[in-house]
Amino acid sequence: MGLAMGLTAISIIYSPWGKQSGAHLNPAVTLTFFRLGKVAPWDAMWYVIAQFGGGVAGVALVAAALGKLLAHPSVNYVATLPGSGRTGVAFLGEVVIAFILMSVVLVVSNTQKLMRFTGIFAGAGVAAFIAFEAPISGISMNPARTFGSAVLPQLWDSLWIYFLAPPLGMLAAAGVYLRLKLVVTCAKLHHQNKRRCIFCEYQTARQQEIPLDKSAEMSLPLT
């Protein structure tokens, strides 16, 4: 499962759509880059809405296709639940792995020789965490992913863990990164392509102190 999800993350990041959007997929990632000043408030809001909507739609689509197989107790809609009912340990585990993953993403994506491999580092981290940390917290790191799996079976009891811990871990990683006075260039996970970058447009608009409207977008650089 770790290999499957890690390879899926890598494929999405390097896909044409991933290159276009930045392939966040995760509200905690978007909120962290928003905290770092790399995502416009309006864009951050719509990214989060899309992430939650995509999570629910993905589970609903599989449920419609597989029916009782997804609802089987051994699968249970792939819901994220704490291991052995230990909520405190699960919360701490989620904070730690989210902190590690975001730290790796920030360091790699802002290192000239490594930045093109950010997606591979992120996917490898996801695969490793699922393989080794899943028995502790069920591994989410993604509030939208957990919410999507919780809607149909109505599993809300532990949702607070996965809504709070991933953002806290990633925001803590961003705080440490800023404390070290390191530079953050862009919110895209794969920036080495010719696709439009709304994050760079936002930075250019901020520097020029102009509103980011359609007329401004047409005059701003695409990369």
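Structure's up top.
Residues numbered from 1 in each chain as written. Predicted model: local features only at pLDDT ≥ 70, side-chain atom pairs only at ≥ 80, totals over all residues. Heavy atoms only, no water.

Engineer: Looking at this structure, how should I read the nonpolar core?
Structural biologist: Side chains that are nonpolar tend, in soluble globular proteins, to be buried together. Of all hydrophobic cores here, the largest spans 33 residues; its most connected members are Phe 33, Met 102, Met 141, Met 170 and Phe 199. Where this core is concerned, the elements lending two or more residues are α3 (27-35), α4 (41-66), α6 (87-109), α7 (118-132), α10 (159-179) and α11 (198-208). Ranked by residue count, the leading element in this core is α6, at 6 residues. Ignoring anything within four residues of it in the chain, the contact list for Met 170 reads Asn 26, Ala 28, Val 29, Thr 32, Ala 98, Phe 99, Leu 101, Met 102 and Met 141. (Core = buried A, V, L, I, M, F, W, Y, C linked by side-chain atoms within 4.5 Å. Buried < 20%, exposed > 50% of the residue type's maximum accessible area, 1.4 Å probe, protein only. Helix = DSSP H or I, 4+ residues; strand = E, 2+ residues; numbered from the N terminus. Contact = heavy atoms within 4.5 Å.)

Engineer: Can you help me understand α4 in this one?
Structural biologist: Residues spaced three or four apart along an α-helix face the same direction, because each turn holds 3.6 residues. An ideal rise of 1.5 Å per residue puts 38 Å on 26 residues; α4 measures up with 38 Å between its terminal C-alpha atoms. Burial in α4 covers these residues: Asp 43, Ala 44, Tyr 47, Gln 51, Phe 52, Gly 55, Val 59 and Ala 63. Summarising the contacts, the buried residues of α4 are in contact with α2 (16-21), α3, α5 (68-71), α9 (143-151), α10 and α11. Directly beyond the C-terminal end of α4, a positive phi value near 60 degrees is found at Gly 67. (Expected span 1.5 Å × (residues − 1).)

Engineer: I keep staring at a nonpolar patch on the surface and nothing clicks. Help me out?
Structural biologist: A grouping of Trp 42, Met 45, Trp 46 and Ile 49 is seen on the molecular surface, where their side chains present a nonpolar patch of about 460 Å² in accessible area. Relative to the helices and strands, Trp 42 is located in helix α4. (Patch = residues over 30% accessible without salt bridge, like charges linked within 9 Å, V, L, I, M, F, W, Y side chains within 5 Å. Areas by Shrake-Rupley, 256 points an atom, 1.4 Å probe, with all protein chains shown as cover. Salt bridge = Lys/Arg side-chain N within 4 Å of Asp/Glu carboxyl O.)

Engineer: It is not clear to me how the side chain of Thr 146 should be interpreted in this structure. Could you clarify?
Structural biologist: Within the secondary structure, Thr 146 is located in helix α9. Accessibility expressed as a relative area gives 2% for Thr 146, which makes it buried. Sequence-distant contacts of Thr 146, that is, excluding residues within four places in its chain, are made with Thr 80, Ser 140, Leu 159 and Tyr 162.

Engineer: Where do I start with the pattern of salt bridges in this structure?
Structural biologist: A side chain with one charge can pair with a side chain of the opposite charge if their charged atoms come near. All told, the structure shown has 1 salt bridge when counted by the stated rule. Residues Glu 201 and Arg 196 are paired through a salt bridge, measuring 2.9 Å at the closest nitrogen-oxygen approach. Owing to a relative accessible area of 2%, Glu 201 belongs among the buried residues under this scheme.

Engineer: Just to check I follow, could you spell out helix α1 (residues 2-13) for this structure?
Structural biologist: Taking 1.5 Å of rise per residue, the 12 residues of α1 would be expected to cover 16 Å, and the 17 Å separating its terminal C-alpha atoms lies within 8% of that figure. Listed as buried for α1 are Gly 2, Gly 6, Ala 9 and Ile 13. Summarising the axial view, the buried residues of α1 lie within an arc of 60 degrees, below the 170-degree limit, and thus occupy one face. Within α1, the exposed residues directed more than 90 degrees away from the buried face are Leu 3 and Leu 7. Check the buried side of α1 and you find it contacts α2 and α7. (Arc of directions from axis to C-beta.)

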